[in-house]
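Examination of the molecular architecture
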Protein chains: 2
Amino acid sequence: MELLEGLATTRAIRRYLPDPVPEADLATILWHATRAPTGSNRQSYRFVVLRDTELGRRAKALLGDAFRSSWNDKRRQGGFDEGSGRDPSSPKARAAAAMQYYVDRLEQVPVIILPCLVRYREANPYEGASIYPTCQNLLLAARALGYGGVLTMWHQGVETELRSLLGIPASAAISATITLGVPQGHHGPVRRRPLVDVVADGHWESSASWAVEPGAGS
Amino acid sequence: MELLEGLATTRAIRRYLPDPVPEADLATILWHATRAPTGSNRQSYRFVVLRDTELGRRAKALLGDAFRSSWNDKRRQGGFDEGSGRDPSSPKARAAAAMQYYVDRLEQVPVIILPCLVRYREANPYEGASIYPTCQNLLLAARALGYGGVLTMWHQGVETELRSLLGIPASAAISATITLGVPQGHHGPVRRRPLVDVVADGHWESSASWAVEPGAGS
């Protein structure tokens, strides 16, 4: 797969086949993840890999409860069952069904990875520059090997219990929960805002007339 | 270029040829950047692109001062001129020389991009999940098109002046400064810790014997 194609078509995958992810593939995925940059090349992180072990199953059960609870809240607050959401064929209802399917089967996700940033300074809003590029490389490398995944923050509801179960020290931030497996569906184009809406040409208020979709002409 | 090869060999590029980056390439790079995921697909960001305009030159001059000042501090605190750093051929001295070259020519960098996260909640250590994956895609897409760059946080010394000059509102975090251009040198392998040091198998304290370099055998 070409690099640009990989960037353009790696989307969130939330439905997985039961197939396991072999250790060699996990190593390849994590190795490519860690090629991403970190501040001063500190690489101050640790990736906790949860699989089908006793401890892994207990952690997944904790996460499953947290994910279902977070999604329940979001489903209600986001009005997923109101308006167009009442029509099961609407985009809103289908998004809700996909998310419900995901959280209901969290315990069956083949691999869950917790990327943890080992803090060397006070927590701050910019520390993610040293962990989230690695997470993106992880998802892209997974894609290259035929897997798919998604990055979520829904572990936060059970973070205390998760730390205790897995021995994650207070000095490390659990920066994300990434679920991973062989996709049931397909990767493909993603939905995004028009580029011109998010590019500023030299000044915040200046729109960039050249910020058009590649291949859209000029 | 293959996706995995791109992930493995995109390294920080700090020396650029004077060649400009055409608008069509900038659009392609930013388009691929914005294929990265954001929380709830909000895409609540804006990319301020600084080029060779009057305002762009003023912003680059501000950034140049901040970068030189930050590097001076780091050079001193990091002991770059002590120990092995006294030998100009040592890795430490060469790293220092490369950084000095970079900050001394910041005003000549062809393109500087400020990825800004438009906050929809209080600043927090996890908000980077919605901007730094995009930054990593940006650097990878640049690589695919023959460019190189590096993500830094050294704008922070002049953030107030920069916001005022470029009209960046308080509601938006300046999440990074990315410099971009045609590399003088080459991309290639990056220096990283052994994978086994950063992977935990099921529990924080459990090392993963399978976390070996791809192709290293088992």
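Conventions used here
- In this convention, every chain numbers its residues from 1, walking through the sequence in written order.
- Note on labels: chains are lettered from A, ligands numbered from 1, in written order.
- At least 70 in pLDDT is required for a residue's local features to be given in this predicted model, at least 80 for side-chain atom pairs to be given and counted, and no such filter applies to totals for whole chains, interfaces and linings, which use all residues.
- Side-chain descriptors were evaluated using all non-hydrogen atoms of the structure, hydrogens and water having been removed beforehand.
- What counts as a helix is a DSSP run of H or I of at least four residues, what counts as a strand is a run of E of at least two, and both are numbered from the N terminus.
- Radius of gyration means the value over C-alpha atoms here, while the globule rule gives 2.2 Å times the residue count to the 0.38 power.
- Accessibility here uses a 1.4 Å probe with only protein chains present; expressed as a share of the type maximum, an area under 20% marks a residue as buried, one over 50% as exposed, and anything in between as partly exposed.
- Pairs of residues are marked as contacts when any of their non-hydrogen atoms sit within 4.5 Å.
- All accessibility values rest on the Shrake-Rupley procedure with a 1.4 Å probe; residue burial counts only the protein chains present in the view.
- What counts as a salt bridge is simple: a side-chain nitrogen of Lys or Arg found within 4 Å of a carboxyl oxygen of Asp or Glu.
- As used in this structure description, the phrase polar contact means that two N or O atoms lie within 3.5 Å; if the pair is within protein, one of them must be able to donate a hydrogen and the other to accept it, and residues adjacent in sequence are counted only when both atoms belong to side chains.
- Simply put, an axis is a line fit to the C-alpha atoms, just over the touching stretch for a helix, and the angle between two N-to-C directions goes from 0 to 180 degrees.
- In these notes the angle categories are as follows: under 35 degrees is roughly parallel, over 145 is roughly antiparallel, 65 to 115 is roughly perpendicular, and the rest is oblique.
- Rotating anticlockwise by less than a right angle from the far helix to the near helix defines a left-handed crossing, while the corresponding clockwise rotation defines a right-handed one.
- Under the convention adopted here, Pro, Cys and the residues Ala, Val, Leu, Ile, Met, Phe, Trp and Tyr are nonpolar, Asp, Glu, Lys and Arg are charged, and Gly plus all remaining residues are polar.
- Once two parts are joined, some of their accessible surface, as seen by a 1.4 Å probe, is lost; buried area is that loss totalled over both.
- Superposing copies: least-squares fit, C-alpha atoms only, residues required to have pLDDT of at least 70 in both.
- Should DSSP find at least two bridges between two strands, the strands are taken to pair.
- Expected helix span is taken as 1.5 Å per residue step, with the number of steps being one fewer than the number of residues.

Right, let's talk about the overall build of chain A for a bit. Counting its secondary structure elements, chain A contains six helices and six strands. Each helix and strand of chain A, placed in order from N terminus to C terminus, yields the pattern α-α-β-α-α-β-α-β-α-β-β-β. In terms of overall size, chain A behaves like a compact globule, its C-alpha atoms giving a radius of gyration of 19 Å where 218 residues would be expected to give roughly 17 Å. Here the C-alpha coordinates of chain A stretch approximately 55 × 50 × 35 Å along the principal axes. Taking all 218 residues of chain A together, the buried fraction comes to 54%. Considering only intrachain contacts with a sequence separation of at least 6, the fraction spanning at least 24 residues in chain A is 77%. For chain A, the exposed area adds up to about 9,300 Å²; of that, 50% sits on carbon and sulfur atoms.

A word on the pattern of salt bridges. Residue and element names in this part refer to chain A. The full count for this structure, using the stated rule, is 19 salt bridges over all chains. Across the salt bridge formed by Asp 65 and Arg 68, the nearest N and O atoms sit 3.1 Å from each other. With Asp 65 and Arg 68 both in helix H3 (residues 54-77) and three residues apart, this pair spans about one turn of that helix. Take Asp 65: its relative accessible area is 48%, and that puts it in the partly exposed class.

With that settled, the discussion passes to the environment of Asp197(A). Residue and element names in this part refer to chain A. When you line up the elements, Asp 197 lands in the loop between strand S5 (177-181) and strand S6 (199-201). Judged by relative accessible area, which is 36%, Asp 197 ranks as partly exposed. Separated by 167 residues in the primary sequence, Asp 197 and Leu 30 place their C-alpha atoms 34 Å from one another.

Attention now moves to the side chain of His155(B). Residue and element names in this part refer to chain B. Tracing the backbone shows His 155 in the loop between strand S3 (148-152) and helix H6 (159-166). Polar side-chain contacts of His 155 include one of 3.2 Å to the backbone oxygen of Ile 174. Within the structure, the side chain of His 155 is placed 2.9 Å from the side chain of Thr 177, a separation counted as a polar contact.

Let us now look at the packing of helix H2 (residues 23-33) of chain B against helix H5 (residues 132-144) of chain B. Residues and elements named next belong to chain B. Where H2 meets H5, the axes come as close as 7 Å, and the angle between the chain directions of the two elements is 140°. Relative to H5, H2 is oriented oblique. Both H2 and H5 take part in a crossing whose hand is right-handed. Residue-level inspection shows Ile 29, Leu 30, His 32 and Ala 33 of H2 in contact with H5, the latter providing Thr 134, Asn 137, Leu 138, Ala 141 and Ala 142. In terms of residue class, the contact of H2 with H5 is built from six nonpolar, three polar and no charged.

All names here are of chain B. Here Thr 179 is to be found in strand S5 (residues 177-181). At 2.7 Å, the side chain of Thr 179 forms a polar contact with the side chain of Tyr 16. A distance of 2.8 Å separates the side chain of Thr 179 from the side chain of Tyr 102, its partner in a polar contact. Apart from the residues within four sequence positions on either side, Thr 179 is in contact with Tyr 16, Tyr 102, Leu 106, Val 109, Val 111, Ile 112, Gly 148, Gly 149 and Val 150.

What follows covers the interface of chain B and chain A. Residue-level contacts link 83 residues of chain B with 83 residues of chain A. Here chain B and chain A share an interface that buries about 7,300 Å² over both sides, 60% of which is from carbon and sulfur atoms. When the shortest N-O distance is used, the salt bridge between Asp201(A) and Arg51(B) registers 3.3 Å. At the junction of chain B and chain A, the tally comes to 42 residue pairs in polar contact (both at pLDDT 80 or more). Ranked by residue count, the leading element in the side of chain B that touches chain A is H5(B), at eight residues. Residue composition of the side of chain B that touches chain A, grouped by class: 48 nonpolar, 18 polar and 17 charged.

Least-squares fitting of chain B to chain A yields an RMSD of 0.0 Å, with the transformation described by 0.0 Å of translation along the axis and a rotation of 180°. Such a combination of turn and shift is consistent with a two-fold rotation axis. Looking at chain B, 100% of its interface residues are interface residues in chain A too, so the copies touch through the same face.

Here helix H2 (residues 23-33) of chain A lies mainly inside the structure; eight of its 11 residues are buried. Those residues of H2(A) that sit buried are Leu26(A), Ala27(A), Thr28(A), Ile29(A), Leu30(A), Trp31(A), His32(A) and Ala33(A). Along its buried surface, H2(A) packs onto strand S1 (45-50), strand S2 (111-118), helix H5 (132-144) and S5 of chain A together with helix H1 (3-9) and strand S6 (199-201) of chain B.

Our next topic: the pairing of strand S2 (residues 111-118) of chain B. The side chains of a regular strand alternate between both faces of the sheet. Residue and element names in this part refer to chain B. Judged by how many residues are buried, S2 sits mostly within the fold: seven of eight residues are covered. Judged from the six bridges that link them, strand S1 (residues 45-50) and S2 form a sheet pairing that is antiparallel. By the bridge assignment, Val 48 is partnered in S2 with Leu 114. Here S2 runs beside S5; their pairing, made up of three bridges, is antiparallel. Its bridge partner being in S5, Ile 112 is matched across the sheet by Thr 179. The pairing of S2 with strand S4 (residues 172-174) spans three bridges and is classified as antiparallel. Note on S4: the bridge partner recorded for Val 118 is Ala 172.

The next point concerns H5(B). All names here are of chain B. Compared with the 18 Å implied by 1.5 Å per residue over 13 residues, the 18 Å span of H5 between its first and last C-alpha is a close match. What H5 keeps buried is the set Tyr 132, Pro 133, Thr 134, Cys 135, Gln 136, Asn 137, Leu 138, Leu 139, Leu 140, Ala 141, Ala 142 and Arg 143. Remark: Gly 146 follows H5 within two positions and exhibits a positive phi of approximately 95°.

All names here are of chain A. Mapped onto the fold, Ser 130 is located in the loop between S2 and H5. With relative accessibility at 10%, the residue Ser 130 sits in the buried group. In sequence terms Ser 130 and Gly 39 are 91 residues apart; their C-alpha atoms lie 5.6 Å from each other. Apart from the residues lying within four places of it in its own chain, the contact partners of Ser 130 are Thr 38, Gly 39, Tyr 45, Leu 117 and Tyr 120. A distance of 2.9 Å separates a polar atom in the side chain of Ser 130 from the backbone nitrogen of Gly 39.

By themselves, these observations are geometric and do not establish any function.
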